[in-house]
Amino acid sequence: MNEGRLIVLTGPSGVGKGTLLKHLCQRHPQLQVSVSLTTRAPRPGEIPGQSYIFVSREEFQAAIQAGALLEWAEYADHYYGTPRQAVEQALQQGKWVILEIEVVGARQIRQNFPQARLIFICPPTWATLEQRLRQRGQDSEAAMQKRLERAKQELQAAPEFDAQVVNDNLEQAIHELEIRLGLTYADNVKPPQE
Ligand code: ADP
Ligand code: 5GP
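Scoring rules and cut-offs
- Residues numbered from 1 in each chain as written.
- Chains lettered and ligands numbered in written order.
- Predicted model: local features only at pLDDT ≥ 70, side-chain atom pairs only at ≥ 80, totals over all residues.
- Heavy atoms only, no water.
- Helix = DSSP H or I, 4+ residues; strand = E, 2+ residues; numbered from the N terminus.
- Rg over C-alpha atoms; globule rule 2.2 N^0.38 Å.
- Buried < 20%, exposed > 50% of the residue type's maximum accessible area, 1.4 Å probe, protein only.
- Contact = heavy atoms within 4.5 Å.
- Areas by Shrake-Rupley, 256 points an atom, 1.4 Å probe, with all protein chains shown as cover.
- Near = heavy atom within 4 Å.
- Polar contact = N/O pair within 3.5 Å; in protein donor to acceptor, adjacent residues only side chain to side chain.
- Nonpolar A, V, L, I, M, F, W, Y, C, P; charged D, E, K, R; others polar.
- Lys, Arg positive; Asp, Glu negative; His and termini not counted.
- Salt bridge = Lys/Arg side-chain N within 4 Å of Asp/Glu carboxyl O.

Caption draft 1: Main features of the overall build of the protein. From N to C terminus, the protein includes seven helices and nine strands. Relative to the compact-globule value of 16 Å for 194 residues, the protein shows a C-alpha radius of gyration of 16 Å, a close match. Counting only C-alpha atoms and orienting by the principal axes, one finds that the protein spans roughly 45 × 40 × 35 Å. Burial statistics for the protein: of 194 residues in total, 46% are counted as buried. Excluding contacts between residues fewer than 6 apart, the proportion of contacts in the protein whose partners are at least 24 apart in sequence is 67%. Summed over all atoms, the accessible surface of the protein reaches about 10,200 Å², with 49% contributed by carbon and sulfur.

This is the structure we're talking about:
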């Protein structure tokens, strides 16, 4: 069986990982996104089972105990984790699976899947990161402060990963990710404009 590829996008909250992932997946249908478990409440517009699988703390603990998570971490008072079975099954089927996770979980993937490709997304400046978190406008001030505090530590981890991509101009960042990941275009998909 053709072994798939495991790709990880990591970096601080608000840097644009979700935005980059959305564009990459639109342009490269061969990418399969892993849907994470989380104990945080859904934000307006988030679709259960699509944005996240929203679970209670008890359900999350049970998933850890059952070994059902490929990696997991606590982040700003909530738990987040990657369901093992769906990812392993897709990889066995030769698919390209992409995870969008924070740094603690990304380190677990690096340790357990040495063949995975892990990309750290950097903000152009600290002020930009703060501005993006605020403009998203979906976190309380307290939650935002926790995320900014965590982001300071996370930024120091950037050199641990296989490559670093600065998300300043969105199109340029997508293009650089495509190069780093060896993604080529399907015939029916238009490449980003330079
Ligand atoms: P993350 O998934 O890393 O938490 P998001 O993808 O939710 O981050 O992005 C945070 C905010 O920044 C969103 O409002 C998004 O539209 C915006 N954003 C993302 N990338 C860029 C970019 N290159 N330029 C300007 N704004 C961006
Ligand atoms: P948010 O609450 O903004 O959706 O996510 C908070 C942080 O958790 C983000 O950095 C996001 O990438 C990360 N995250 C989302 N899913 C997972 C997961 O399954 N595992 C880990 N370790 N982090 C995750």
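From this point on, the discussion continues.
Caption draft 2: Quick look at the site of ligand 2. Taken together, 18 residues lie near ligand 2, and Ser-36, Arg-40, Tyr-52, Tyr-80 and Glu-102 sit nearest. Between ligand 2 and the protein, one listed contact pairs an oxygen atom with a side-chain N or O atom of Ser-36 at 2.6 Å. Interatomic distance of 2.7 Å between a side-chain N/O atom of Glu-102 and a nitrogen atom of ligand 2. If ligand 2 stood free it would expose 510 Å²; the protein chains cover 96% of that surface. Of all the secondary structure elements, the ones that give two or more residues to the shell around ligand 2 are strand S5 (69–75) and strand S6 (78–83). Partitioned by chemical class, the residues of the shell around ligand 2 number five nonpolar, five polar and eight charged.

Caption draft 3: Looking closely at the side chain of Glu-154. Structurally, Glu-154 is set in helix H6 (residues 141–156). Buried charge Glu-154 goes without a salt bridge, the closest partner of opposite sign being Arg-150 at 4.2 Å. The contacts of Glu-154, once residues within four sequence positions are left out, are Gly-11, Pro-12, Ser-13, Tyr-75, Glu-102, Val-103 and Phe-120.

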